[in-house]
Amino acid sequence: MEKYETFTYELDGNLYINLTSKCTNDCTFCVRNEHTSYFGYKLWLSREPSAREVLDQIPQDISRYKEYVFCGFGEPTMRLETLCEIGKELKKRDATVRLNTNGQGSMIAGRDISADLAEAVDKINVSLNDDNARDYVKLCRPAYGEAAFEGLQDFAKKCAARGIQTWFSVVDVIGAEKIEKCREIAQACGVTLRVRPYIKESD
Ligand code: SF4
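Reading guide: rules and limits
Residues numbered from 1 in each chain as written. Predicted model: local features only at pLDDT ≥ 70, side-chain atom pairs only at ≥ 80, totals over all residues. Heavy atoms only, no water. Pairing = 2+ DSSP bridges. Helix = DSSP H or I, 4+ residues; strand = E, 2+ residues; numbered from the N terminus. Axes fitted to C-alpha atoms, helices over the stretch in contact; angles between N-to-C directions. Salt bridge = Lys/Arg side-chain N within 4 Å of Asp/Glu carboxyl O. Buried < 20%, exposed > 50% of the residue type's maximum accessible area, 1.4 Å probe, protein only. Near = heavy atom within 4 Å. 1 Å grid on protein atoms, 1.4 Å probe; cavity = no way out; pocket = protein on both sides within 12 Å on 5 of 7 lines; lining within 4 Å. Sits in = over half its atoms within 2 Å of the grid points. Nonpolar A, V, L, I, M, F, W, Y, C, P; charged D, E, K, R; others polar.

S.K.: Explain the sheet that holds strand S8 (residues 165–171) to me, using residue names and the numbers behind them.
M.R.: Spatially, S1-S2-S5-S6-S7-S8-S9 is the arrangement adopted by the seven strands of the open sheet, whose pairing is mixed. Edge positions in the open sheet fall to strand S1 (8–11) and strand S9 (192–196), since each of these has one partner strand only. Strand after strand, the sheet turns through a mean of 25° between neighbouring axes, direction not considered. Judged from the three bridges that link them, strand S2 (residues 14–17) and strand S5 (residues 68–70) form a sheet pairing that is parallel.

Following this line, the structure appears as structure tokens:
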């Protein structure tokens, strides 16, 4: 697998920040398993960037992008300190900052990280992916096993309680029945549910 230094990339008017290629999940559907690139961007990293290296790629005119999004070929919260350093700086400059995550950040850190995130991001998209722990494990193969499913719900609940706009996302291919159950889980956590189409685009 060829690796690159693609620390940021543009998509849909947003600037995406790619902090790591490490992840605590090994999702069966993960685009990085089948593709070397995502919408033409080579996202497998040869090394992880420092906060300074990412901030150097942020335009002077912060309004050039709608949102600055932590999302790449790995789990951004595996680099919590760097994420928070970048996010705080972006928020200071009035940018809208979003985190796309598997929701296992507090499990990774071994503590509740919602207070850290409240200072660094405005929005969090947590991938819920399925409506129960057993199927989640089959689909996402988390390092934490079934505990990951409970852990990500607790994470979302705490982030929402801190005032971060938080939602769960699922892909429409799971079907109407599961989507309904996911909606109930989201409601119980005090977050919303977004259903998105499966992304095939890549090479
Ligand atoms: S959580 Fe995201 S990056 Fe990690 S394996 Fe799943 S789809 Fe890939």
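S.K.: Mind laying out the pattern of salt bridges, listing which residues take part and the relevant values?
M.R.: In the structure shown here, the tally under the stated rule is 21 salt bridges. A salt bridge links glutamate 10 to arginine 64; its shortest N-O distance comes to 3.9 Å. Separated by 54 residues along the polypeptide, glutamate 10 in strand S1 and arginine 64 in the loop between helix H2 (51–55) and S5 bring together distant segments of the chain. According to the relative accessible area criterion, arginine 64 is exposed, its value standing at 52%. With a closest N to O distance of 3.4 Å, glutamate 48 and lysine 22 form a salt bridge. Taken together, the residues span a long stretch of sequence, with glutamate 48 in the loop between strand S4 (41–42) and H2 and lysine 22 in the loop between S2 and helix H1 (31–34) at a distance of 26 residues. On the basis of relative accessible area, glutamate 48 is assigned to the partly exposed category, the value being 30%. Among the ionic contacts, a cluster of salt bridges with common partners joins Asp130, Asp131, Asp135, Lys138, Lys178 and Lys181.

S.K.: For the site of the ligand, give the residues involved together with the corresponding values.
M.R.: Around the ligand lies a shell formed by Cys23, Asn25, Asp26, Cys27, Phe29, Cys30, Arg32 and Asn102. More than half of the atoms of the ligand fall within 2 Å of the grid points belonging to the largest pocket. Here the residues of the shell around the ligand sort into four nonpolar, two polar and two charged.

The analysis is restricted to geometry; functional conclusions fall outside its scope.
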